[in-house]
Each structure stands twice: as structure tokens, then as C-alpha cells.
Amino acid sequence: MYQPATDTSIFRLPVAVGILAAAIRMATPYLFAAVGEAISQSSGVLNLGVDGVMLLGAFASFYVVLTTGSLWLGVLAAVIVGTLMGLLMSLISVTLKAEQGISGIGLYMFGLGLSSLLFKVMVGTVKTVVGFQPIKIPFLSNIPILGEIFFQHSLPVYVAFLTVPLAWILLDKTTWGLKIKAVGHNPAAADSLGVNVNLVRYISVTIGSIMAALAGASLSLALVNLFQENLTAGMGFIGVALVYFGGWRPVAIMGGALLFSTVNAFQLWMQVLNVKIPSDLAVMLPYVLTIAALALAPKLMRQPIALNKPFERGEH
Amino acid sequence: MNFRGFKIVALALALVATTLSVSAAQAAPLRIAIVMPSSTTDMAFSQSMFSALKAIQKEMGGESAMKIAYSENMYKVPDAAAAIRDYASQGFDIVIAHGSQYGSSVADIAPEFPKTTFAWGTDVNTFGQPNIYAYTAAAEEGGYVNGVIAAKLTKSKVIGVTGPVEIGDAKTYVSGFVKGVASVDPSIRVSKTWTGSFSNVALMAEAAKTHIAAGADVLTGSSQAVVGSIGAAKEKGHVLWFGTQQDEAPIAPELVVASQQYDWVSILKQMIKDRKQGKLGGEKFVLHLSNGGLKIVYNPKFKLPASAKAAGDKAIQGISNGSIKVTP
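**Quick notes on the interface of chain A and chain B**
Consideration 1: Listed as interface residues are 29 residues of chain A and, on the opposing side, 36 residues of chain B.
Consideration 2: Sorting the residues of the side of chain A that touches chain B by element identifies α1 (13–42), α9 (197–223), α11 (250–272) and α12 (279–296) of chain A as the ones contributing at least two each.
Consideration 3: Among the elements that take part in the side of chain A that touches chain B, α11(A) stands out by supplying four residues, more than any other.

**A look at the nonpolar core**
Consideration 1: Core analysis: the biggest nonpolar cluster contains 197 residues, and A:L31, A:A213 and B:I84 have the highest contact counts within it.
Consideration 2: With 17 residues, α1(A) is the single largest residue contributor to this core.
Consideration 3: With near-sequence residues (within four places) excluded, A:A213 lies in contact with A:V53, A:M54, A:L56, A:G57, A:A78, A:V79, A:V81, A:G82 and A:M85.

**Here we look at the environment of B:G180**
Residues and elements named next belong to chain B.
Consideration 1: For G180, the location among the structural elements is in helix α6 (residues 168–184).
Consideration 2: For G180, a count of 29 C-beta atoms within 10 Å puts it in the buried group.
Consideration 3: As a C-alpha pair, G180 and T136 span 44 residues in sequence and 21 Å in three-dimensional space.
Consideration 4: Sequence-distant contacts of G180, defined by excluding residues within four places in its chain, comprise G143, Y144, V145, N146, G147, V148, A151 and A315.

**Observations regarding the sheet that holds strand β1 (residues 30–35) of chain B**
Residues and elements named next belong to chain B.
Consideration 1: One open sheet holds the six strands; their spatial order is β2-β1-β3-β4-β5-β11, and the pairing between them is parallel. Across the chains shown, the open sheet's two edge strands, defined by having one partner strand only, are β2 (66–71) and β11 (284–287). This sheet shows a mean twist of 20° between the axes of neighbouring strands, independent of strand direction.
Consideration 2: As paired elements, strand β4 (residues 117–121) and strand β5 (residues 132–137) share four bridges and run parallel to each other. Following the sheet pairing, F118 is matched in β5 by I132.
Consideration 3: Its contacts with the sheet put helix α3 (residues 77–89) on β1, β2 and β3 (94–98), and the angle it makes with β3 is roughly 170°.

**Re the pairing of β3(B)**
All names here are of chain B.
Consideration 1: Among the five residues of β3, five are classified as buried, and the element is accordingly described as predominantly covered.
Consideration 2: Every second residue of β3 is oriented toward a common face, with I94, I96 and H98 on one face and V95 and A97 on the other, all of them buried.
Consideration 3: Sheet topology note: the β1/β3 ladder contains four bridges and is parallel. Each residue of the ladder has a partner; that of I34, found in β3, is I96.
Consideration 4: For β3 and β4, the ladder comprises five bridges, and the chain directions are parallel. Directly across from I94, in β4, lies its bridge partner T117.
Consideration 5: The β-α-β motif built from β3, the intervening helix α4 (residues 103–109) and the parallel element β4 has right-handed crossover chirality.

**Some thoughts on the packing of helix α6 (residues 155–173) of chain A against α11(A)**
In a pair of packed helices, the angle between the axes and the distance between the axes together describe the arrangement.
Residue and element names in this part refer to chain A.
Consideration 1: Between α6 and α11, the shortest axis-to-axis distance is 8 Å and the interhelical angle comes to 155°. It follows that α6 is roughly antiparallel to α11 by the angle criterion. Of α11, the residues touching α6 (which contributes V164, A167 and W168) are P250, V251 and M254.
Consideration 2: Taken together, the residues of the contact of α6 with α11 break down into six nonpolar, no polar and no charged.

Cut-offs and rules
Residues numbered from 1 in each chain as written. Chains lettered and ligands numbered in written order. Predicted model: local features only at pLDDT ≥ 70, side-chain atom pairs only at ≥ 80, totals over all residues. Contact = placed C-beta atoms within 7 Å. Helix = DSSP H or I, 4+ residues; strand = E, 2+ residues; numbered from the N terminus. Core = buried A, V, L, I, M, F, W, Y, C linked by C-beta atoms within 7 Å. Buried ≥ 20, exposed ≤ 12 C-beta atoms within 10 Å, placed from the backbone. Pairing = 2+ DSSP bridges. Axes fitted to C-alpha atoms, helices over the stretch in contact; angles between N-to-C directions. Right-handed = clockwise from strand over helix to strand, strands pointing away. Parallel < 35°, antiparallel > 145°, perpendicular 65-115°, else oblique. Nonpolar A, V, L, I, M, F, W, Y, C, P; charged D, E, K, R; others polar.

Spatial relationships are all this shows, so hold off on functional conclusions.
See below:
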């Protein structure tokens, strides 16, 4: 199966397959986080606390699996944490109308601090759990090359990609999506048509927060199978950036996530195969290319006009 | 009990408490503060120093004899510098700045507190100050030993190294490891990845998965993020792991072969002893295999073939008696 060590060229089929399979896998937490954030932002609420919610989701699900051994209870724990954090963010930014950027940063620090504290008190040291195992999808996984790239991943990876069409349908094909976007673009108009602006925002923020918690769980239960303080190392913020990158469109967000993770997988392979470039340069690549793509991509933006603006009846 | 009786009891209790605290103050415990870049439970750099302090505290007789204050996750140097200054001004006897990135802060702060002992590492520079100790670990030595054993165990002849940033003891450990492997079989390929971060666990895990996909059956690495690599190796099942800084066997007893462990106890004891005799610094300490500061901890749960263990022991002996020279 493995080619002998003599052939270390990066331009080989097994390497390309390795890069693409890793890219699909690595995109998972970014997809959950960014697609969820896109739903929240479409309703006009910028939630910068994604990374903090991810950390709490990652810890809660990890801890439940560590103590009960049940992956599904772990996922349930993430959903509960995501719901609570979503309601908290909504309370602060929708009901109390606090500055969204600042309260999001507050939420992030709360998540970072609380997850570290709970980890230290309840677990104490790094432990691993048995996470979601790769599932070979019957027939499809046997297709040469494509099977290995697309159809031999663990369940959270498939679900993350499934959220893309689901979010697209929700936002672009349902009345609910219309309401979310109306509330995000012109809450006063939506209000005058009888849409409950605050309720729509509460629900959108909470959906986004649940997906952020699932992003965390996908890390601790599928990609690394453990929890460590600050496990996400800022992934949630990249998730927020991907929302802008994708212009609030789920499919374009997926494109951004895949670009980022493909370049990241590529640079790791370059290092493994000893391609002569400095490692500092290699680790910069995903970020540099993402910024370049952001600057050069045609502007597909559909930024919610009321993003970051609390809704007050009778004010414009 | 009536109110008057209650007051008398309360007064008596307060008196006892005051007497107790006065007598405790008279014993004046040694106060040590430490500032660390990661967490006390990182299974690596910070934990190695924190557990050494805890061990000394236990040996000296607990909190009444020695007090430990710590600031962890101080990855921002200005925050760390503020903490170092804070501890010094609170009158701590020994302030440990546990991170090579804290050097210039210590050099700035130490002259202002001539009665305080400062220690920082990993480095060998005391900045010519009489109250600064520098400490480091000759990580290349254990790296070499791990490399020798790894070379004996690899079947695919491909070994992966997952590093954080190419500096400090991460760099010297890897350099020693590569030399150890080459001393057994120069045809073995050692691939290295650097993630550019000491704390990005997810990227470290992906780096390990990439090594495994490229054929590696033995992995090693440095920093607190390697728990990600170990997790990835565990998931694959047949991949072996060599640790450094801290005994990493508890994370994955079935695949950790051996770990180089930093044992800071002896140098900390030396600093405490020196301080009692009025010496506050001006010296550098280096952990070596020969002075017991570095230890190779074999994982008892891993069935290491006798020939591989013999090769490892021979390397330890050779480095300790100077017949094998490992340059970083």
C-alpha cells in the first residue's frame, strides 16, 4: 500500500488523495461554526463568542463521553450547552441590546475561562476518549480515489457537510429563511408585517450557537478525541471570518472552509515530504491564501444591513 | 446558648485563630511563585516544573513550610512580566519565570528587587545579575536515546516528528532524536513538521495523521500540543510514540514506548539551599542524563524488546560517561 521512502515527490496520486481526504476532515469544525454563524448573522446578530461556545461544547461533550461512554449523550450535552449559550447571547444582545461585538468577546472569554476551569476541576489531566469511528459508506467508499477522499470519514464530518445544503434551503427556500433575512436587513419593515423580530433573532442566534457547540464536539469527539485547555486555539474566529469570506452564502462558506483546510493539509504534506521551504512560511500559507482569495474574489456579498444593530420599535 | 454565651465562644474562637495565624507567621514559610506559558496540566513543559515544586513542597512538610503561587497560561509576555513584577513586589522569596520568552522581562525586573531570587528558563543566560539563575535541559540527550530505540522499532523505516516552533528545547530535542536514529540506521527517513504553535492541538493531530498517512509507524514530538499527536497515534492503533519533557505514558499506555522526563527537583533544591546561605543567583543549571536531571522513563506497560532496551540503555550510559557526544 505505502510507496517506499525513496519516492518523496509531492506530485503523486496517493499524496493528492491524502491531502484532499485530510482537507475534508479538517473543514468539519469550521463548517459547523461558520454555517451556524451565517444563520445568526443573517438575522442581524454578530456573535463573536463562537470560539467560547465551541470550547464549552467540546468540553461538555468530552466530559459526558468520558464518564458515560455514550457518544450520543455527549452530542446531547453539546446541544444543551449550545442552547444555553445561545439564549445567553440573545438575552444580552437582543433583549438587553448590548453592543454585539463586545458582548461576543465577553462570551468568548467566559467560554474559554469556564471550560478551562471545569477541565481542571473535573478532569485534571489530559485523557482520551473513543470518539466517532470512520464509517465506510457501502459501495461509494469502494470507488477508487473518490471513495478514499469522500466516503471514509466519521459521522460528524458527513453531518458538517450536510448542514450546508440544509442551511441553504433554510435561508433561501423557506418562509422562515425569508423572515430571518428580513429581520437582518430591515427589522422595522419585518416588524410592521407582523414578524416577531426578537423571537426570530433569539431562534437564529440559538441555532448558530448550537452549531458552534457541535463544532467543538466534532473536535473533541471525532478529530482529536480529547480535551485540552483552549482546544480550539481560535478556530471560532476563523469561522466568523469564513462567513464574510462566503458572503453569508452557505455554499460559498463551504468553499472558503475547503480552501483553508486544503492549503493547510497541503502545507503539512509539504513538510512531511521535506519540500525545502521554511516551516514558518508553510504554516502561514493557509492564512495568506485565504486573505488573498478574500481580496480578489468577486464580491458576492449580501451583508445583512441591520447586522450589529439592536432592534428598537419606532427607530430607524 | 444565650447571646452572651455565644459572644464569649466567638471571642475565644477569634483569639485561638489569631494565635494560630501568628504562630504560622513566625515559622515564615518559603514563598515561591511561578509564571508559566501553559497550564499546570499540560502534560509537558509547565507541568514538569509545577510537579517538581509540588514534590519539594511535600518533602518540606506542606503548605506551612513552603507556599506556591502560580500564574498559568501566560502566553502573552507583557502579562507574564506584570505577574513576575507583582510576585517580586509581594515579597516572594523565589520567582520562577518558566519560559524562554520571559528572559528580557526578568533582566529588566530583577535589578529592582535585589533581595529576590529570580530563575528563568530554558536558557543559560543570567544577564550578569547576582540574583538571576538560568536553567535549561540538554533535551538533545534524551532525544538521542529516544531516537536510538525508535530506530530499533520502526518497521516501515519512516519516523515522524511533530514539533511546535523550531526553537529552544523543542529544536534541540528533535535534533538529538534525528542523530539517534541515524546512529542506528542512516537509511531511516525522519520527517519533521512544525505547526508554528505550542498550543494548537488540532493542527498537531493533523500533522501526526499526515505522518501516519505517509507511512510513519513511530512518532515523537514536543510541546503541550502533542497530546493531539498521541491521540492521532492512538486512533490508528499500530503507531508508537516517544515522549519528552514529561512522562506521557498515562495518556496512551499501549503505545508510548519511553519518555524523556525533566526533573527540576535537584536544581530547585540547590536554589533553595543557596538562598539560605545568602546566594541569590548568578549561576546556570543544565539538566543532563549524567546529573539525574534528565531521566528516560520506560513505559512498564509497553512490551519493549530486550534488544531495543539494551540499545537505549547503552546510549544512556554512553552519553552519561561522555563516550557519546550529542551536540544540540
